[in-house]
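Residue-level structure breakdown
Spelled out, the chains give:
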Amino acid sequence: MLACPPSLTQPIIATMRLLPLLTFLVLCVSSIAAEPVKPLRALMITGGCCHDYTNQKRILSEGLSARLPVEWTIVHDVQLVDGKDLAASRDHVSTAYAKDDWAAGYDVVLHNECYGAIKDEALIQRIAKPHKEGGVPAVFLHCSMHSYRTAPNADLWREIVGTKSMYHEPGAILTVKPADAQHPVMRGFPAEFVTTEKDELYIVEKFWDTAHVLGQSYSEKLKVENPVIWVNENGKYRSFATTLGHPNSTMERPEYLDLVARGLLWACGKLDAEGKPLPGYEAPKR
Ligand SMILES: [Zn+2]
């Protein structure tokens, strides 16, 4: 009988010995590829002064859940005394921040809060820490940009937000135009977005080097384009922010919810260069 030369039989035998291992590895890889993406675990912190947070938390959670796979934990403190909500104030300390590791277990935190009179430096440190040191992605909406602004160490918060703003102009119909229409977060945003009702133009007086303007609205008073949408990235964490969103009617707009959904995905590293969600992070099928 003819026999294979030793130089040919040895690799074949070696391959046959490796076959079970190779099969096992192929099965492992295919099972990993088939593993469905887990929904993003999002913490929404909302409440404080001056806005309809009861409805805004519904608008945001429902609107974003229709656009991306997400599981919400919502903290909205309400303290009704004689029909008045004592927690709906500028100096209420949200119970969301009770623990040092308040953001543990979450993939992203959405801040839609209005706590502008809080000056507690230890609290600001505790709020900033999971983002600044832990790298937890953040989304900041409207009055979140004015929260904690009078605290001596407010820059800890602003560094994550990416800007400093101390006041807004009187309510007005705002026209918003892209400043960087090619950025993934702005793909799909209209060339001109006009608010349905009066919104508030937050005047940005300082921009961190790590922040990048995506959308702006003209201030007639200051005669300048003023940033209203931006992203912030410093290597440790990413955040997305828009100062739009005083009235519910702004938040209800599909263009707004699409924008915040892309911003949230971008902050989490789940948006591609074309502004599309990475595989598994598309809008859930209904
Ligand atoms: Zn407002």
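All figures in this text were calculated on a predicted structure; none of them were measured in a lab. (Residues numbered from 1 in each chain as written. Predicted model: local features only at pLDDT ≥ 70, side-chain atom pairs only at ≥ 80, totals over all residues.)

A closer look at the overall build of the chain
The criterion, for reference: Note on conventions: DSSP H or I runs of at least 4 residues are helices, E runs of at least 2 residues are strands, and numbering of each starts at the N terminus. For every residue, the other C-beta atoms within 10 Å of its own C-beta are counted; 20 or more classify it as buried, 12 or fewer as exposed, and values in between as partly exposed. C-beta atoms are placed from the backbone. Residues are treated as contacting if the C-beta atoms built from their backbones sit within 7 Å of each other.
Scanning the chain from terminus to terminus reveals six helices and 13 strands. Within the chain, the proportion of its 286 residues that are buried is 40%. Counting only contacts in the chain whose residues sit at least 6 apart along the sequence, the fraction spanning at least 24 positions is 74%.

Topic: the pairing of strand 11 (residues 211–219)
Two faces belong to every sheet, and in a regular strand the side chains alternate between them. Threshold: Paired strands, in this sense, are two strands between which DSSP finds at least two bridges.
Examined bridge by bridge, strand 8 (residues 175–178) and strand 11 share three bridges and lie antiparallel to one another. Considered in strand 11, the bridge of Val176 is made with Ser217. Strand direction decides the pairing type here: strand 11 and strand 12 (residues 224–233), joined by eight bridges, are antiparallel. Bridge assignment links Ser217 to a residue of strand 12, and that residue is Asn226. If you look at the hairpin formed by strand 11 and strand 12, you'll find four residues sitting between the two strands, and Lys223 has a positive phi there, around 60°.

Thoughts on the sheet that holds strand 6 (residues 138–141)
The line we're drawing: Geometry is summarised by axes, namely lines fitted to C-alpha atoms with helices restricted to the contacting stretch, and by angles between N-to-C directions that run from 0 to 180 degrees.
Taken in spatial order, the nine strands make up an open sheet running 2-1-5-6-13-12-11-8-9, and their pairing is mixed. At either margin of the open sheet sits one strand with a lone partner, and together these are strand 2 (70–76) and strand 9 (193–194). Relative to strand 13 (residues 238–242), helix 6 (residues 254–267) is tilted by about 165°, and along the sheet it contacts strand 5 (108–114), strand 6, strand 9, strand 12 and strand 13.

Focus on the environment of Asp209
With respect to the helices, strands and loops of the structure, Asp209 is situated in the loop between strand 10 (202–207) and strand 11. By the C-beta count within 10 Å, which is 8 here, Asp209 ends up exposed.

Examining the nonpolar core
Defined as follows: Note on terminology: a nonpolar core is a set of buried residues of type Ala, Val, Leu, Ile, Met, Phe, Trp, Tyr or Cys, with members joined through C-beta atoms within 7 Å.
One finds Val108, Val139 and Leu264 to be the most contacted residues of the largest nonpolar core, which totals 66 residues. In terms of residue count, the dominant contributor to this core is helix 6 (eight residues). Leave out the neighbours within four places in its chain, and Val108 touches Leu40, Ala42, Val136, Pro137, Val139, Leu264, Ala267 and Cys268.

Section: the pairing of strand 1 (residues 40–48)
The line we're drawing: Classification remark: right-handed applies to a crossover when, strands pointing away from the viewer, the course from the first strand over the helix to the second runs clockwise.
Of all nine residues making up strand 1, eight are buried, and the element is well covered by its neighbours. Bridging between strand 1 and strand 2 involves seven bridges; their strand directions are parallel. By the bridge assignment for strand 2, Leu40 is matched with Val70. Following the chain from strand 1 across helix 2 (residues 53–65) to the adjacent parallel strand 2, one finds a crossover that is right-handed. Direction of pairing for strand 1 relative to strand 5: parallel, over a ladder of seven bridges.

A few points about helix 3 (residues 121–132)
Counted only if it meets this: A helix is expected to span 1.5 Å for every residue after the first.
The end-to-end C-alpha distance of helix 3, which contains 12 residues, comes to 15 Å, matching closely the 16 Å that a straight helix rising 1.5 Å per residue would cover. Those residues of helix 3 that are buried lie in contact with strand 6 and helix 4 (155–161).

Here we look at the confidence of the model for the chain
Just so we agree on the cut-off: Per residue, pLDDT captures the predictor's confidence, and it can take any value from 0 to 100.
Confidence in the prediction for the chain averages 91 pLDDT; 88% of positions are at 70 or higher. In this model residues 24–32 is a low-confidence stretch, pLDDT under 50, and it forms zero contacts with partners more than four residues away in sequence or in other chains.

With respect to unusual backbone geometry
Positive phi values are uncommon outside glycine, yet Cys50 reaches one of about 80°. Topologically, Cys50 is positioned in the loop between strand 1 and helix 2.

Comments concerning helix 6
The end-to-end C-alpha distance of helix 6 is 20 Å, a good match for the 20 Å that 14 residues give at a rise of 1.5 Å each. Of all 14 residues making up helix 6, 10 are buried, and the element is well covered by its neighbours. Where helix 6 is concerned, the buried positions are Tyr256, Leu259, Val260, Ala261, Arg262, Gly263, Leu264, Leu265, Trp266 and Ala267. Where helix 6 is buried, its residues meet helix 2, strand 5, strand 6, strand 12, strand 13 and helix 5 (248–252). Positive phi appears at Gly269, one or two residues downstream of helix 6, with a value of about 75°.

Quick look at the environment of Ala138
If you trace the backbone, Ala138 turns up in strand 6. Classification of Ala138 by C-beta neighbours within 10 Å gives buried; the count is 24. Placed 29 residues apart in sequence, Ala138 and Val109 show a C-alpha to C-alpha distance of 4.9 Å. When residues no more than four places from it in sequence are discounted, the contact partners of Ala138 are Val109, His111, His131, Ile160, Ser239 and Ala267.

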